Amino acid sequence: MSRFFANPDDSSTEESSEESSSSSESEASEDEKPQAKKKVVEEPKVKAGPRKVISHKDKRYDEMQQTIKLLKNAVAINDWNVVSDEFANINKQIAKAATLIAETGVPSFYIACMIKLAETVELTAADKDKVKKMSKTNAKSLNAMKQNIKKNNVNYEAQIAKHVENPVEEEEEKEGSDSDSDSDSESSSSGSDSDSDDDKKKKKPEKAKKELKESGSDDDDDSDEWPSDSSSSSEDENAAPLGKGISKWMKTGDGSDSDSDDGFEKVAKKKKERVQGPGKKKEDAEASKDAKEAPKMVLNEENVKKKLDELMALRGKRGTSKKDQIAQLEHLSTAVIPPVMGAMVLVHLIAAQFDTSMTRNNVAHMPIAFEITEDNGNTTPSRTNCLWTKCMHNVRKLLIVLRENPELTEEATGQQSANTGTAPGAPPADAADMMDPDDEPLIVAQNLVSFVERLDDELYLSLRLLDNHSSEFLKRLLDIAPLLSLSQEVQDYYETMVGNHSVAARLAMRRLEHLYYKHDDLIAKASQKCEQLGDRASGRQEFINALSMKVYRFGDDALRTRAMLCQIYYHALHDRFYQARDMLLMSHLQDNIHQTNSIPVQILFNRVMAQMGLSAFRNGLIQEAHGCFDELCGNNRLKELLAQGLSSQRFSERSQEQERMEKKRQTPYHMHVNLELIECCHLVGAILIEIPKMVANAYDSKRKLTSRALKRVFDNSDRNPLSGPPETTRDVIMAGARALEKGDWKQCEAHVLALPVWTHLGSEECVAAVKVTLQTRIKEEALRTFLFAYSAYYEALSLEQLCEMFALENKVVNTLVSKMIISEELFASWDQPTGSIVMHKKERSRLHHMALHYSDNLAKLVESNEKAWDLRFGGYDFKQHQGGRGGWGGG
């Protein structure tokens, strides 16, 4: 027996036997025989083949693959803390293998892992519901990974592009390397199977060990040590010569020992899972495909109602997929069911589509991208299949159903009342008055008109959030026409079939807000290319007036105010200044607009005032234009007042909530008014009005400029003594003002009329007419400035000479000078026989003004000294007014 069990050459087996026997030193000698048999059983496994030598490259790659495996497991369980740690570990391993990578290149499995990780991070971050369910640390790690993976993949752009171009070759290379590493690991681990078996036997319960000792059966012990799995057949063949001598000590492997069979079945199952691990996603995809191909339920009325109730019960609950709900409701909408049930399905489908919102720039809205994500994860640009377009088509379907079935009511189809009264669930009137406007509950109404209004709001929001110069913005502008057509159809439905004119007025207001800022000439040119849905190319003024009258008759006060402002803007846009001015004055909006709490209405009023100023300027009414622009341009906040951007504030900072609200109120780019044109018109009008007054009161210390914007420009110019050639619009206008101040009308005209911003005023005919008007006004104001500045130096001035100097007609010069004489701005008289102006020399010279100013200052100084003496010593009696001035004690 000793010769049979002894094997002094194998040191590893002796160590394992010593470790197994050291657990209980008091065991009987009978228990030592099974330990000796273990040595015999384990010898073939140790000497099964030559020792495997692993190269430095394979060692490094094995470490990386193991880390990638841990990273994939963490991604599968959505543990981004572990993902972040393993991501750092794999990059450290890449850095350690820098010399190896420089020779062989970056491993393909690492590139594939980084691509897949970037896609997973992007998809997970886009799923807002999933992010909300994460813990705070997990969400923070996800955000950190989103930044780190982008920075990391920048370093491997070439490898990533190559992998994307040839993914099949890369995967085959990866599979080959995996198979090599698996074979290496299997061969290297074959010698350690016995050790792992011994470890497993150590971990058996104490009770099992006692039963084995009591049984004393050598066969049972041997059967525990030898696996019966077919996967070890190759090992049995290698151990065949030794097995013949000990076959009588072993069982035939018929599976009678349940413990050993169970243990080896678990090992085989684990190996099977490990081998099939890389194809897990493929199996899941096949399983989902089979699930999709499963037989669908019969879409009858009963099943549709039951399924609809289930979906409505799950709506809004945590963990509910909105996309799945929309897909199921779209499937239900294809059923052939009664119109009432079909309308209910459409109502819930539209509401579910509106629930699918995303956040951009801290503003929640529907997805605005035109890219559609397919089942395989690819994205394709499609304007017709985006969520907003689908929702509009569903609203149109609902309208068709309601038209074809006039007997259907809002209550029967699951809609809420569209009346403008108090919505169900709203707070009482006395409680609503005490609530802050931001804290009022949002009552969501599910009816046809509310769906159209929500579509309009989402379109307006997407136009504001998209890049102004992108192609998506131009594509989104094309959605205005079908929305106007749908609004017109819904308005006709409420007017003719329902008879609800108040709701029709709301829709008319929505249509008017999309029409008032467009010029008739623009619509006429566009109608030559394509049909203008929801608009008219001919008779457009009557069309706009009809919509406004509809709102005036049936709308509430807020709608009437907005309709009035839109109509005034429309008249001002077409240079009907006096008509727009009369409407504004009769409505008294300029008196009450600052008392309203509606900021959008105030923004619309500012836009109206800006357009009226431009209209007056185009008509040559400089004084009226300056009056319209003065309040807008006075505080240097024109951009904010028109909601066309956020200007930086030096001494005040906005909170995050204030900035979010201001961004939400911005005007879309296609509705903007040119800010540079407004500023230019205001400054040109200001210099034509203020420069003559400045020269006339040059020596008056109390003179003040009425235009704050012009005063600010002059102050900036005075602070900069070394000014170069004019570059900006303000600099050019300032140079023209300096020339006008000297009476040099030619230089002023050259500066002002050369501005390129005049091309934005309108058509070429309009721009030419405005330039002629400006040229005439510059000559007239230059003449007035010349008379104010140099009249004191002349005894008389010839009329013909003035006409020649300023290139004006005799009638114009005669009129201007007569007005100045009548208003006592010029102290002179006409000499009719000679045709000259005789100066009366009543104007004070500069020396006279300075002497008077000096005497006034001396008088103030003497009086202040006398008051100070009286308070200290007395004697002037300023308090009692006794004794008069000059006495020392009074008499």
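Throughout, residues of each chain are indexed from 1 in the direction in which the sequence is written. Local features are withheld for residues below a pLDDT of 70 in this predicted model, meaning they are given only at 70 or higher, and side-chain atom pairs are given and counted only at 80 or more; totals for whole chains, interfaces and linings count all residues. Computation of side-chain values: all heavy atoms of the structure, hydrogens and water removed.

1. Digging into the overall build of the protein
Scanning the protein for helices and strands turns up 44 helices and seven strands. Exposure classes here rest on a 1.4 Å probe applied to the protein chains alone. A residue is buried below 20% of its type maximum, exposed above 50%, and partly exposed in between. When each of the 891 residues of the protein is scored for burial, the buried share is 37%. At a minimum sequence separation of 6, the contacts of the protein that also span at least 24 residues come to 67%. In these tables, accessible area is a Shrake-Rupley quantity obtained with a 1.4 Å probe, and a residue counts as shielded only by the protein chains included in the view. Counting only carbon and sulfur atoms, one obtains 51% of the accessible surface of the protein, whose full area is about 52600 Å². Elements are defined by DSSP. Helices are runs of H or I of four residues or more, strands are runs of E of two residues or more, and each kind is numbered from the N terminus. Every residue pair with non-hydrogen atoms within 4.5 Å of one another is taken to be in contact.

2. As for the confidence of the model for the protein
Confidence scores labelled pLDDT are given residue by residue by the predictor and lie between 0 and 100. Residues of the protein with pLDDT of at least 70 account for 68%, and the chain-wide mean is 75. Below pLDDT 50 for its whole length, residues 420-445 participates in 15 contacts with residues either more than four positions away or in separate chains. Across residues 882-891 the pLDDT falls below 50, and counting only partners more than four positions away or on other chains, this stretch makes 11 contacts in the model.

3. Things to note about the packing of helix H30 (residues 557-573) against helix H31 (residues 577-587)
Packing of H30 against H31 brings their axes to within 8 Å, and their N-to-C directions diverge by 160°. Relative to H31, H30 is oriented roughly antiparallel. In this structure, H30 meets H31 at a crossing whose hand is left-handed. On the side of H30, the interface is formed by Met564, Gln567, Ile568, His571 and Ala572, while H31 contributes Gln579, Ala580, Met583, Leu584 and Ser587. When grouped by side-chain class, the residues that make up the contact of H30 with H31 number six nonpolar, four polar and no charged. Whenever a helix is involved, its axis is fitted only over the stretch in contact; in every case the axis is a line through C-alpha atoms, and angles between N-to-C directions fall within 0 to 180 degrees. Note on angle classes: values under 35 degrees are labelled roughly parallel, values over 145 roughly antiparallel, values of 65 to 115 roughly perpendicular, and the remainder oblique. The handedness criterion is simple: a crossing whose near helix is rotated anticlockwise from the far helix by less than a right angle is left-handed, and one whose near helix is rotated clockwise is right-handed. In the scheme used here, Gly and all other residues not listed as nonpolar or charged are polar, with Ala, Val, Leu, Ile, Met, Phe, Trp, Tyr, Cys and Pro taken as nonpolar and Asp, Glu, Lys and Arg as charged.

4. Remarks on helix H42 (residues 799-806)
Side chains of residues three or four places apart in an α-helix project in the same direction, reflecting 3.6 residues per turn. When H42 is considered as a whole, its buried residues turn out to be Leu799, Leu802, Cys803 and Phe806. Taken around the axis of H42, the buried residues stretch over an arc of 100°, which confines them to a single face. Projecting away from the buried face of H42 at angles above 90 degrees are the exposed residues Glu800 and Glu804. Buried residues belonging to H42 abut helix H40 (745-753), helix H41 (764-790), strand S5 (796-798), helix H43 (810-822), strand S6 (828-831) and strand S7 (836-839). Note that the arc is computed from the directions linking the helix axis to the C-beta atoms.

5. Considerations on the pairing of S7
Each regular strand carries side chains that alternate between the two faces of the sheet. Any two strands with at least two DSSP bridges between them are considered paired. The sheet contact formed by S5 and S7 spans three bridges and is antiparallel. Within S7, the residue paired with Ser798 across the bridge is Ser836. As judged from the four bridges shared by S6 and S7, these two strands associate in the antiparallel manner. Considered in S7, the bridge of Trp830 is made with Ile837. Adjacent in sequence and paired antiparallel, S6 and S7 are bridged by four residues, among which Gly835 carries a positive phi angle near 65°.

6. Structural notes on unusual backbone geometry
Look at His588: it is not a glycine, yet its phi comes out positive at around 60°. Inspection of the secondary structure puts His588 in the loop between H31 and helix H32 (589-592). Relative accessible area serves as the criterion here: at 43%, His588 is assigned to the partly exposed category.

7. Quick word on the packing of aromatic side chains
Working definition: a ring pair exists when centres of Phe, Tyr or Trp rings (six-membered ring for Trp) sit within 6.5 Å. Plane angles under 30 degrees give stacked, over 60 give edge-to-face, the rest tilted. A complete count under the given rule lists 12 aromatic pairs for this structure. When the ring of Phe473 is compared with that of Tyr669, the centres are 6.5 Å apart and the planes differ by 75°; the resulting orientation is edge-to-face. Remark: Tyr669 occurs in the loop between helix H36 (656-664) and helix H37 (675-696) and Phe473 occurs in helix H25 (residues 471-477); sequence separation between them is 196 residues. A relative accessible area of 3% means that Phe473 is categorised as buried. Given a relative accessible area of 38%, Tyr669 falls into the partly exposed group. Note on Phe617 and Trp758: the rings are 5.7 Å apart at their centroids and 5° apart in plane angle, and the pair reads as stacked. Here Phe617 is found in helix H33 (residues 599-618), whereas its partner Trp758 is found in the loop between H40 and H41, with 141 residues between them in sequence. An aromatic cluster is built from Phe786, Tyr790, Tyr794 and Phe806, whose rings are joined through pairwise contacts.

8. Topic: the pattern of salt bridges
Any Lys or Arg side-chain nitrogen located within 4 Å of an Asp or Glu carboxyl oxygen qualifies as a salt bridge. Following the criterion strictly, the structure yields 24 salt bridges and no others. With its nearest N and O atoms 3.0 Å apart, the salt bridge here joins Asp520 to Arg540. Residue Asp520 is found in helix H28 (residues 520-527), and its partner Arg540 is found in helix H29 (residues 540-554); the two are separated by 20 residues along the sequence. Taking relative accessible area as the criterion, Asp520 reaches 18% and is therefore assigned buried.

9. Here's the deal with the sheet that holds S7
Taking strand neighbours across the sheet as the criterion, the three strands line up as S5-S7-S6 in an open arrangement whose pairing is antiparallel. Each end of this open sheet is capped by a strand with a single partner; those strands are S5 and S6. On average, adjacent strands in this sheet sit at an angle of 25° to one another, irrespective of strand direction. Running over the sheet, H42 touches S5, S6 and S7 and is turned about 60° from S5.

10. Some thoughts on the packing of helix H19 (residues 301-314) against helix H20 (residues 322-333)
At a minimum axis separation of 11 Å, H19 and H20 run at an interaxial angle of 160°. Taken together, the axis directions place H19 and H20 in an arrangement best described as roughly antiparallel. Like other packed secondary-structure pairs, H19 and H20 cross with a definite hand, here left-handed. Along its contact with H19, which presents Val304, Lys307, Leu308, Leu311, Met312 and Leu314, the element H20 presents Gln325, Gln328, Leu329 and Leu332.

11. Quick look at the side chain of Lys779
Looking at the element boundaries, Lys779 is found in helix H41. Charge counting follows a simple rule: Lys and Arg are positive, Asp and Glu are negative, and His as well as the terminal groups are ignored. One buried charged side chain, Lys779, makes no salt bridge at all; its nearest oppositely charged neighbour is Glu749, positioned 5.3 Å away. Excluding residues within four positions of it along the chain, Lys779 makes contact with Trp745, Glu749, Phe806, Ala807 and Leu808.

12. Focus on the environment of Ile326
Tracing the sequence through the fold places Ile326 in helix H20. Apart from residues no more than four positions distant in its own chain, Ile326 is found in contact with Leu349, Ala352, Gln353 and Thr356.

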